[in-house]
2 protein chains.
Amino acid sequence: MDPWTVTYDGFDPEEEKLREALCTLGNGYFATRGATPYTDADGGHYPGTYLAGGYNRLKTNIAGRVIENEDLVNLPNWLVLKLRMDDQWFDLGEVDILKYRQELDLKQGVLTRDIGYRDSKGRETEVVERRLVHMAEPHLAGMELTITPKNWSGQLEIRSALDGQVINGGVERYKTLSSHHLKPMETQSIDEETVFLRVRTSQSRITVAQAARTRIFDDDGMLDTHRKVIQKSGYIGQDMALALSEGKGVRIEKVVSMYTSQDHAIAECGLESGKAVLSAGGFEDLLVSHALSWKHLWERFEMGFRVKPEYEDDHTAMILHLNLFHLLQSTSIHTMDLDVGVPSRGWHGEAYRGHIFWDELFIFPMLNLQVPEITRSLLMYRYRRLNEARRAAEGAGFRGAMYPWQSGSNGREESQAVHLNPKSGRWIPDNSRLQRHVNAAIAYNIHQYNECTGDTEFLSFYGAEMILEIARFWASTTTYNRELDRYEILGVMGPDEYHDMYPEAERAGLNNNAYTNIMTAWVLKQALNVLALLPEDRTRELREILRLDQKETDQWDEISRKMRVVFHDDGIISQFEGYDQLEEFDWEGYSEKYGDIQRLDRILEAEDDT
Amino acid sequence: MDPWTVTYDGFDPEEEKLREALCTLGNGYFATRGATPYTDADGGHYPGTYLAGGYNRLKTNIAGRVIENEDLVNLPNWLVLKLRMDDQWFDLGEVDILKYRQELDLKQGVLTRDIGYRDSKGRETEVVERRLVHMAEPHLAGMELTITPKNWSGQLEIRSALDGQVINGGVERYKTLSSHHLKPMETQSIDEETVFLRVRTSQSRITVAQAARTRIFDDDGMLDTHRKVIQKSGYIGQDMALALSEGKGVRIEKVVSMYTSQDHAIAECGLESGKAVLSAGGFEDLLVSHALSWKHLWERFEMGFRVKPEYEDDHTAMILHLNLFHLLQSTSIHTMDLDVGVPSRGWHGEAYRGHIFWDELFIFPMLNLQVPEITRSLLMYRYRRLNEARRAAEGAGFRGAMYPWQSGSNGREESQAVHLNPKSGRWIPDNSRLQRHVNAAIAYNIHQYNECTGDTEFLSFYGAEMILEIARFWASTTTYNRELDRYEILGVMGPDEYHDMYPEAERAGLNNNAYTNIMTAWVLKQALNVLALLPEDRTRELREILRLDQKETDQWDEISRKMRVVFHDDGIISQFEGYDQLEEFDWEGYSEKYGDIQRLDRILEAEDDT
């Protein structure tokens, strides 16, 4: 088993969407799903390109309500490279596939698709695709198609385009929601071989500019093909035609650049996008510098491990590499200069809308040891949204800063307040935002970063203020139980998302969730440590800025020592107060009845149960 | 002499523009000149508001050429607060001024203007203005006008507006150039007391959103005044009217927010701008947090010094504070999260177009010792433009990276290739871009930052690559003089801008400028030091990325030891080769003939001389 290659043999329409997700290529700045270049979005294929932090809000009228969602926007599809041979558009569904091998080279970050097929007229053709999203030049991507007619000669027509007519359609359960995020702005031919597209997102007004240069080569060099420009609203492409000779391959190269209005160091994103593609080398040049970047990444991030002989055929090594690969495509070296967080599903697709939950907790340990500067910039994503978190705390009747469970562009709570249950057709309250423990995670992450790097400047300028405001928030959420002489936190959700309130209760949330309470004690203690750790001058500054007096920090100390932790009778910590009074769930019965019980919450709600 | 206050007594129309520049308030994010709120731009007054890094390019057809300039854009004027008393608009030029005292409080960052006047009808009125551009909340500014009718009662009308109809008109010698940078986009009333304006720059497409909330108070509290909204293209304001009673003051508060599409952590700049002003406190609240920020800045940056008794009446202390004050308004704590450099004239006006020359060389020593994080972010401005500098080097036939003499949005050379001499009406070549020594300054600044902070992470990720590419550039500019066994640099300009070429020479530039050659030797040596200083892994990475082999660095070592330095016969280092053969200039004769000989270059060119 090659530990550096994900290999798929054969074409399986049913599996295609999963393959596309797993074969996503990205560089932390943008990501493109592993969809074929010759197919538009349909039931089986879904080309998707996403910008790190490229959000847009849309309102939807649905079942009597207006709800607003902030989505990760599907940007113009730069992949489009359609092939027509003697009047037949190449479509995997309409040919006999003779060979089909798809490989994701994790070491070099290259996706290859090697296809041989026979069409209805008996013509056999080989189409080999290579693709990269450049890891050294984050605004560049490239694709190469080599087409060889094995047993025929004839005409090949090619359409190479930038398609900004795409919508957000990647997630089945979002299908009823508004999905037209892009407004067309401009299409243009930059030169003979280069087309340019400008669109912008409707609400967030992010301008996105793409330029694409297409070249065709045979063994003797570049072909001077006639090109016809196809311009539609939000779409520009070129149609090219050439004669193929039996056994002789031609190679099509498409080099694409993308810039947006959010980028640094630009005079204007359209201008930069054009400039970048005009000065970019060919696919092979790009591949060399791209692969070198990946080589350097792996030199940093590869883990030393040995697989026992009896597991040699196991996928373990490949799976580990695949996971690291996608982490490094989501939080890359280029993240260091962006204003983004750690999205729970990478920038790989539309599910979870590219939102930032608490997943950084699980990612930072890896980054901290290799490139802590990435962690630092991801923590800055939180610092920049501190004021929004303060507003949220105030709005909920608390003090300090309350970071949202789901965070997007400006740090507003992006969790929906209600969800339409497709099983029951009812609106059900979504209590997931009561997972306030994301705040403890942020404080913990700052602490860990500081422990790993000793970067007290970050702590001093940014980290401390966040930890102190989060501590203040937690302190304000506690209530004193005089009888027990303990502080309690009522009405929250722990990380266990299946338990969000008590049976028959009117108020959402649970009381004294052990994880939350213990982390609260830790955060309060940590806040006091930070005040002791920083230079006296800075501590005084912070106390003045935050109006944080001795009385308040004394109170933190008091609370940190007296947080309530509920135990079961046998001395085991209870997940939350009252957990031991819940009935055991009928696992077997439900599994038999429903088969897949992954969305048990929805099944139960449809049964009027929880 | 109060060392913390700049004081002007009396109104002097001639001096007003200088006062406006010196009384500019800013916070590193934006800056606003100290112009009065009741006057539009005219000969004597020039309200100007500038965004750090807020550039736009415009082309001008002039004297048979099309030239393009990248300007620092004058943004919508948020100051507008005009007063009309019984049908007479308040205009300093049309009243008898009884008292006039303008004070810039350097300690708190507050500008005050205390005016008493008598109008043509004998009415005496006092108008006291206070103003701040918030140092803690960089998107906020505030103004307060207190109006007291001393000997009359009657009607006061007020117009409070956001004026996006402004142009770039602040610099006399740019007057013939295109100056309309802003395109109107939207005007809107957010609520009863708040107006909103959106414009965008024409080429760079930076969207700028401002919101302004105006409130009027008397001793009993807020007044519920009737408001009429005035909406024009690129302009929105409110007209308010109220009755004044003799001796009773009213206080007008205007709180303004500004966001742009370049900001981090926004859902959309218009939305954030409205939100910010809606949740902002009153002027007095803003003043408290603003003054606290300045207090903390001064605790860091105030220098300990004593003035000798005989100089006690001297301005020394005040001047030192004033200079620090403007530095801290130009490269502030908020710079840390922006993509900007050190502009040679701050963000205070339009002269030099907000361009980045080599001035950081003189500013960094102060920042390095107090808040080196600011230096770091200013160095990142250079790193982000490394690719552009590479393109420039290649375009000029060199290798490595050649940073421009004047840098703006994307790091392109913004120096003009030719200048129209207003004295002669001729286009003269502008050789100032031959001041390649800016590159040595950048390398030197990286080195200094590293020496002060020991931040080898910055050196490793960003600094080293710049130093190496600059070293490579310098090496490629040298030519070997076999006869002398020395390396030479021909055709550059040193920091002395009056010597840009030899008399009668055809080629611009000078040979073997001592400053340039010595700094080149230093840069090459420094580049070798950096390679030795970094961890071996990173050195290997950098050598691979830059394709920098041992032969090339050996060559650097060789050149660094054999740069030519020209001496005069008396053993003094010559400014450049041939300096000792120049005739002495007729200083007295020219001073007598022209009086002001500050722009001697233009005087001489008009005489067909250099």
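Heads up: these notes are all about the structure in this document. (Residues numbered from 1 in each chain as written. Chains lettered and ligands numbered in written order. Predicted model: local features only at pLDDT ≥ 70, side-chain atom pairs only at ≥ 80, totals over all residues. Heavy atoms only, no water.)

1. Overview of the overall build of chain A
Here is step 1: A tally of helices and strands in chain A yields 14 helices and 24 strands.
Here is step 2: Radius of gyration (C-alpha) of chain A: 27 Å, near the 25 Å computed for a compact globule of 610 residues.
Here is step 3: Burial analysis of chain A (610 residues in total) assigns 58% to the buried set.
Here is step 4: Within chain A, counting contacts between residues at least 6 apart in sequence, those at least 24 apart form 66% of the total.
Here is step 5: When the accessible area of chain A is evaluated, it comes to approximately 25600 Å², of which 48% is carbon and sulfur surface.
Here is step 6: Of the charged side chains in chain A, 68 are positive and 99 negative, and the gap between their average positions amounts to 5 Å. (Helix = DSSP H or I, 4+ residues; strand = E, 2+ residues; numbered from the N terminus. Rg over C-alpha atoms; globule rule 2.2 N^0.38 Å. Buried < 20%, exposed > 50% of the residue type's maximum accessible area, 1.4 Å probe, protein only. Contact = heavy atoms within 4.5 Å. Areas by Shrake-Rupley, 256 points an atom, 1.4 Å probe, with all protein chains shown as cover. Lys, Arg positive; Asp, Glu negative; His and termini not counted. Charge placed at Lys NZ, Arg CZ, Asp CG, Glu CD.)

2. Some details on the relation of the copies chain A and chain B
Here is step 1: Between chain A and chain B, the superposition needs a rotation of 180° and an axial shift of 0.0 Å, giving an RMSD of 0.1 Å. Taken together, the rotation and translation describe the operation of a two-fold axis. If distances are taken from each C-alpha of chain A to the rotation axis, the shortest is found for Gln262 of chain A, at 3.0 Å.
Here is step 2: Mapped onto chain B, 100% of the interface residues of chain A again fall at the interface, so both copies present the same surface. (Least-squares fit on C-alpha atoms with pLDDT ≥ 70 in both.)

3. Quick notes on the sheet that holds strand S3 (residues 30-32) of chain B
Residue and element names in this part refer to chain B.
Here is step 1: The strand order across the open sheet built from 3 strands is S2-S3-S4, with neighbouring strands paired in antiparallel fashion. Sheet topology places strand S2 (25-26) and strand S4 (49-51) at the edges, where each strand pairs with a single neighbour.
Here is step 2: Sheet analysis places S3 next to S4, joined by 3 bridges and oriented antiparallel. Note that in S4 the partner of Thr32 across the bridge is Thr49. (Pairing = 2+ DSSP bridges.)

4. A short note on the pattern of salt bridges
Here is step 1: Within this structure, the stated rule accounts for 111 salt bridges over all chains.
Here is step 2: Close ionic contact of Asp337 of chain A with Arg384 of chain B constitutes a salt bridge, the shortest N to O distance being 2.4 Å. In this pair, Asp337 of chain A is assigned in the loop between helix H4 (316-330) and helix H5 (360-370) and Arg384 of chain B in the loop between helix H6 (372-383) and helix H7 (386-395), connecting two distinct chains.
Here is step 3: Here Asp337 of chain A falls in the partly exposed class, since its relative accessible area comes to 24%. (Salt bridge = Lys/Arg side-chain N within 4 Å of Asp/Glu carboxyl O.)

5. Topic: the environment of Thr112 of chain B
Residues and elements named next belong to chain B.
Here is step 1: Within the element layout of this structure, Thr112 appears in strand S10 (residues 110-118).
Here is step 2: The sequence separation of Thr112 and Gly34 amounts to 78 residues, and the corresponding C-alpha distance is 9.7 Å.
Here is step 3: Excluding residues within four positions of it along the chain, Thr112 makes contact with Arg101, Gln102, Glu103, Val128, Glu129 and Arg130.

6. Overview of the interface of chain A and chain B
Here is step 1: At the junction of the two partners, chain A supplies 45 residues and chain B supplies 46 residues.
Here is step 2: When chain A packs against chain B, close to 3900 Å² is buried across both sides, 46% of that on carbon and sulfur atoms.
Here is step 3: Three residues, Arg205, Ala265 and Phe461 of chain A, lead the burial of chain A against chain B; their summed loss comes to 14% of the area buried on that side.
Here is step 4: At the junction of chain A with chain B, the criterion picks out 9 salt bridges.
Here is step 5: In this structure, Glu544 of chain A and Lys295 of chain B form a salt bridge, with 2.6 Å as the shortest nitrogen-oxygen distance.
Here is step 6: Of all the secondary structure elements, the ones that give two or more residues to the side of chain A that touches chain B are strand S14 (182-191), helix H2 (269-279), helix H3 (283-301), helix H6 (372-383), helix H7 (386-395), helix H9 (456-477) and helix H11 (536-546) of chain A.
Here is step 7: Ranked by residue count, the leading element in the side of chain A that touches chain B is H3 of chain A, at 6 residues. (Buried area = accessible area lost by both parts, 1.4 Å probe.)

7. Regarding the packing of aromatic side chains
Here is step 1: All told, the structure shown has 50 aromatic pairs over all chains when counted by the stated rule.
Here is step 2: With centroids separated by 5.1 Å and ring planes inclined at 50°, the aromatic side chains of Phe473 of chain A and Trp474 of chain A adopt a geometry described as tilted. Each member of the pair Phe473 of chain A and Trp474 of chain A is classed as buried.
Here is step 3: Summarising the aromatic geometry, the rings of Trp294 of chain B and Phe325 of chain B are spaced 4.7 Å apart at their centres and angled 25° between planes, so their arrangement reads as stacked. Separated by 31 residues along the polypeptide, Trp294 of chain B in helix H3 (residues 283-301) and Phe325 of chain B in helix H4 (residues 316-330) bring together distant segments of the chain.
Here is step 4: Assessed through its relative accessible area of 0%, Trp294 of chain B is described here as buried.
Here is step 5: Since its relative accessible area comes to 0%, Phe325 of chain B is described here as buried.
Here is step 6: Connected via pairs of aromatic rings, a cluster forms that spans Tyr352, Phe357, Trp358, Phe362, Trp405 and Tyr515 of chain A.
Here is step 7: The side chain of Arg65 of chain A reaches across the aromatic face of Trp427 of chain A, ending 5.2 Å from its centre.
Here is step 8: Taking NZ or CZ as reference, Lys232 of chain B lies 4.4 Å from the ring centre of Tyr235 of chain B, over its face. (Phe/Tyr/Trp six-rings, centres within 6.5 Å; stacked < 30°, edge-to-face > 60°. Lys NZ or Arg CZ within 6 Å of the ring centre and 35° of its normal.)

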